[in-house]
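# Coordinate inspection notes
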Amino acid sequence: MPEPQRTPTHDQALDQLARAAYSLSAADARLRGRATRTPGALSLTHARALRVLAESGPLPVGQLAAATETTGAATTQLVNGLATAGYVTRERPANDKRSVLVTLTDAGRRRHQERQAILTQSLDTALAHHDDDALATATDVLRHLAAIYDQL
C-alpha cells in the first residue's frame, strides 16, 4: 500500500483522528468512573473480562490478565470487583495451590450477554450508515491506535 502524501488536508485528518482518540479515551474514563459509583455498571475492562471468560471458560488470573491486556495486579482488583458483584468465583485448583482459577457465574454470563446485546445494538444503530469496508477500516485504525498508545 503506497504511503499517503503529506498534505495539509492529510495532516488535518490525522489531527482530527488524534482528537477523536482523545475523546474516546475521555469517554472510557467517564465510563470507568460510573462503574465505580453505580451498582451494576461495567467498565470496558470489566466487560472485556466477562467476555473473555464467556468465550474461554475458567482461567487462572495470569491468563485472564494476558487475555484482557491488563497487569496481574489490576486483574486481581478487577476479579475482586467482579466477585463482589457475583459475576465470577475464585477457586484454588487442587493441583496448584499457588494459582487462582476465575470462573464466570450464571449471573456473570447473563450480565455479559446483556452488555453484549446493548453494545451490538448501539454499534448497529450508530454505525448503520457505514458499509463493511468502512467498518473494517475503522477496526484497522483502532488496532493501530492501540499499538501507538502502547508505544507512548
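Above this text you will find the structure in question.
Here goes a summary of the coordinates provided.

Conventions and cut-offs
- Residues numbered from 1 in each chain as written.
- Predicted model: local features only at pLDDT ≥ 70, side-chain atom pairs only at ≥ 80, totals over all residues.
- Heavy atoms only, no water.
- Core = buried A, V, L, I, M, F, W, Y, C linked by side-chain atoms within 4.5 Å.
- Buried < 20%, exposed > 50% of the residue type's maximum accessible area, 1.4 Å probe, protein only.
- Helix = DSSP H or I, 4+ residues; strand = E, 2+ residues; numbered from the N terminus.
- Contact = heavy atoms within 4.5 Å.
- Salt bridge = Lys/Arg side-chain N within 4 Å of Asp/Glu carboxyl O.
- 1 Å grid on protein atoms, 1.4 Å probe; cavity = no way out; pocket = protein on both sides within 12 Å on 5 of 7 lines; lining within 4 Å.
- Points joined across faces, edges and corners; volume = space filled by probe spheres on them.
- Nonpolar A, V, L, I, M, F, W, Y, C, P; charged D, E, K, R; others polar.

This next bit is on the nonpolar core. The biggest cluster of nonpolar side chains holds 15 residues, and the ones touching the most others in it are Leu50, Leu53, Leu64, Leu82, Val88 and Val102. Elements represented by at least two residues in this core include exactly helix H2 (44-56), helix H3 (61-68), helix H4 (72-84) and strand S3 (101-104). Leaving out residues up to four positions away in the same chain, Val102 has contacts with Leu53, Pro58, Leu59, Val61, Leu64, Val79, Val88 and Thr89.

What follows concerns the pattern of salt bridges. Between side chains of opposite charge, pairing is possible as soon as their charged atoms come close. If you walk through the whole model with that rule in mind, you get 5 salt bridges. With a shortest N-O distance of 2.8 Å, Arg19 and Asp15 are connected by a salt bridge. Of the two residues, Arg19 and Asp15 both sit in helix H1 (residues 8-37), 4 residues apart, roughly one turn of that helix. Exposure remark for Asp15: the relative accessible area of 34% places this residue in the partly exposed category. Between Glu55 and Arg51 there is a salt bridge whose closest N-O contact spans 3.0 Å. Of this pair, Glu55 and Arg51 both sit in helix H2, 4 residues apart, which is roughly one turn of that helix. Relative accessible area serves as the criterion here: at 37%, Arg51 is assigned to the partly exposed category.

So, about the layout of surface pockets. Remark: the empty space left among the atoms is shown by a probe the size of a water molecule rolled over them. By volume, the largest pocket is sized at about 2100 Å³. Lining the largest pocket are 44 residues, with Leu24, Asp28, Leu44, Arg48 and Leu142 sitting closest to its centre. At the level of secondary structure, the elements contributing two or more residues to the lining of the largest pocket comprise H1, H2, H3, helix H5 (106-126) and helix H6 (132-151). Here the lining of the largest pocket takes 12 residues from H6, the largest share from any one element. Among the residues making up the lining of the largest pocket, the classes are represented as 23 nonpolar, 9 polar and 12 charged.

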